[in-house]
Amino acid sequence: MTPEEEKLVRARQKSRALVMALGLGALVILFFVVTIAKIQAGHS
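Here goes a summary of the coordinates provided. Please read all numbers here as calculations on a predicted model, not as lab measurements.

Let us now look at the overall build of the protein. In terms of helices and strands, the protein carries one helix and zero strands. Looking at the protein residue by residue over its 44 residues, the buried ones come to 0%. For the protein, the exposed surface amounts to about 4300 Å²; the carbon and sulfur share of it is 71%.

Here's what the structure looks like:
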């Protein structure tokens, strides 16, 4: 594999990892918001 191809592969891996991290972070925030909403609904 040439150094240019290796750079391209690394760039794809980095972008894929960033997308996965953002998706996982969004899922965590969604679970947190749903949990808070359920707690608030239970205290009414």
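More follows now that the structure is in view.
All right, on to a nonpolar patch on the surface then. Residues Leu-24, Leu-27, Val-28, Leu-30, Phe-31 and Val-34 make up a contiguous nonpolar surface patch of roughly 560 Å² in combined accessible area. Considering the arrangement of structural elements, one finds Leu-24 in helix 1 (residues 3–42).

A separate point is the environment of Arg-16. Along the polypeptide, Arg-16 turns up in helix 1. Along the sequence, Arg-16 and Gln-40 sit 24 residues apart, while their C-alpha atoms lie 36 Å from each other.

Before going further, it helps to spend a moment on the environment of Ala-41. Its place among the elements puts Ala-41 in helix 1. A relative accessible area of 56% places Ala-41 in the exposed class. Spatially, the C-alpha atoms of Ala-41 and Lys-14 are 41 Å apart, while their sequence positions differ by 27 residues.

Calculation notes
Residues numbered from 1 in each chain as written. Predicted model: local features only at pLDDT ≥ 70, side-chain atom pairs only at ≥ 80, totals over all residues. Heavy atoms only, no water. Helix = DSSP H or I, 4+ residues; strand = E, 2+ residues; numbered from the N terminus. Buried < 20%, exposed > 50% of the residue type's maximum accessible area, 1.4 Å probe, protein only. Areas by Shrake-Rupley, 256 points an atom, 1.4 Å probe, with all protein chains shown as cover. Patch = residues over 30% accessible without salt bridge, like charges linked within 9 Å, V, L, I, M, F, W, Y side chains within 5 Å. Salt bridge = Lys/Arg side-chain N within 4 Å of Asp/Glu carboxyl O.

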